[in-house]
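This is what each chain is made of:
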Amino acid sequence: MVLWEGALLSSLVLFHLLSFSQAARQGQDMKCGACRALVDEMEWAISQVDPKKMIQTGSFRINPDGSQSIREVPLARSEGNLLELMEGVCERMEDYGEVTDPSTDRKSYVRIKPRSGEAMDLSEATLDSRVTASLKFACETIVEHHEDEIIEFFAHETDNVKDKLCSKRTDLCDHALKIPHDEL
C-alpha cells in the first residue's frame, strides 16, 4: 500500500512538473511569436512609407562657427515615425492565428488576414480570440520593456531583424534559429 502511494505521489509530481514545463514552453512560444509578429508588422509598416521622404534631425541651435548640427534621415526609419508605428503595432496581433507543429508541439503565429487581396492558406491555423488577446498582451509587454531596443534596431538594422532582436538581443526566442525566416 505504501509503495503504491509513493508511486502515485511520484506520478502526480511528475505530471505537475510536465504540466508546468509545457505551460512555460507555451508562454515562451507566445512571447517569441509576439516578438516575431511585431517585427513583421513593423517591417511592413516601414516599407509602406515613401523611401524618398526625408526628415531633418539634430540640433537646430547655431554653433559658435555659425553652422548647425542638422542631418537628413529617411522618414521611415526616423525615431518619431518608429514610435508612431509602435503605438498601433500590437493592435494588429488580432490578424494572427496559432499554428501547432505536430512533431514538436511548439506553437507559432501566422498572419490570417491578408494585407491586400491575396488568398491565404488557413487550414493549419487556429482562430481563437483568447490566443489573439494573449498575443496582443505579449506584444504590449515587449514594446513596454524593449522600446529602446526596438527603436534602435529598426533605425539601423535591416537584415534578419527577427533573429537579431527576438533571439540575440531580447532572448525572447530560445528556439528561433530553428524557425524558418519566412514563417510569419
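This one's a predicted model, so the numbers in the text were calculated from it and none came from an experiment. (Residues numbered from 1 in each chain as written. Predicted model: local features only at pLDDT ≥ 70, side-chain atom pairs only at ≥ 80, totals over all residues. Heavy atoms only, no water.)

Trainee: Would you take a moment to explain the state of the cysteines for this structure?
Mentor: Covalent bonding between the sulfur atoms of two cysteines defines a disulfide. Under the counting rule described, the total for this entry stands at 3 disulfides. Two residues share a disulfide in this structure: Cys-32 and Cys-173, whose sulfurs sit 2.0 Å from each other. Measuring handedness by torsion sign, the sulfur bridge of Cys-32 and Cys-173 sits at about 105° and is right-handed. Placement of the pair is Cys-32 in helix H1 (residues 2-47) and Cys-173 in the segment after helix H4 (161-169), with a sequence separation of 141 residues. Each member of the pair, Cys-32 together with Cys-173, is buried. (Disulfide = S-S within 2.5 Å. Helix = DSSP H or I, 4+ residues; strand = E, 2+ residues; numbered from the N terminus. Buried < 20%, exposed > 50% of the residue type's maximum accessible area, 1.4 Å probe, protein only.)

Trainee: For this particular structure, what's the right way to read the side chain of Arg-106?
Mentor: The topology assignment puts Arg-106 in the loop between strand E3 (96-100) and strand E4 (107-111). Residue classification places Arg-106 among the buried positions, given a relative accessible area of 18%. A polar contact is formed between the side chain of Arg-106 and the side chain of Asp-29, at a distance of 2.6 Å. (Polar contact = N/O pair within 3.5 Å; in protein donor to acceptor, adjacent residues only side chain to side chain.)

Trainee: Mind showing me how you'd approach the nonpolar core here?
Mentor: Within soluble globular proteins, side chains that are nonpolar generally end up buried alongside one another. Leu-38, Met-42, Cys-139, Val-143, Ile-150 and Phe-154 are the most contacted members of the largest nonpolar core, which has 35 residues in total. In contact with Val-143, not counting residues within four places along its chain, are Leu-38, Met-86, Val-89, Cys-90 and Ile-150. (Core = buried A, V, L, I, M, F, W, Y, C linked by side-chain atoms within 4.5 Å. Contact = heavy atoms within 4.5 Å.)

Trainee: Mind showing me how you'd approach the pattern of salt bridges here?
Mentor: Side chains that carry opposite charge are capable of pairing whenever their charged atoms lie near each other. Inspection of the entire model under this criterion finds 12 salt bridges. With a closest N to O distance of 2.9 Å, Glu-41 and Arg-111 form a salt bridge. Placement of Glu-41 in helix H1 and of Arg-111 in strand E4 is noted, with a sequence separation of 70 residues between them. Of the two residues, Glu-41 and Arg-111, both sit in the buried class. Of the charged contacts in the structure, one is a salt bridge between Glu-91 and Lys-136, with a shortest N-O distance of 3.2 Å. Of this pair, Glu-91 sits in the loop between helix H2 (79-89) and E3 while Lys-136 sits in helix H3 (residues 129-156), and the two are 45 residues apart along the sequence. Among the residues examined, Glu-91 registers a relative accessible area of 42% and is labelled partly exposed. Connected through salt bridges with shared partners, the residues Asp-40, Glu-41, Arg-92, Asp-95, Arg-111, Lys-113, Arg-115 and Lys-162 form a single ionic network. (Salt bridge = Lys/Arg side-chain N within 4 Å of Asp/Glu carboxyl O.)

Geometry only, nothing functional implied.
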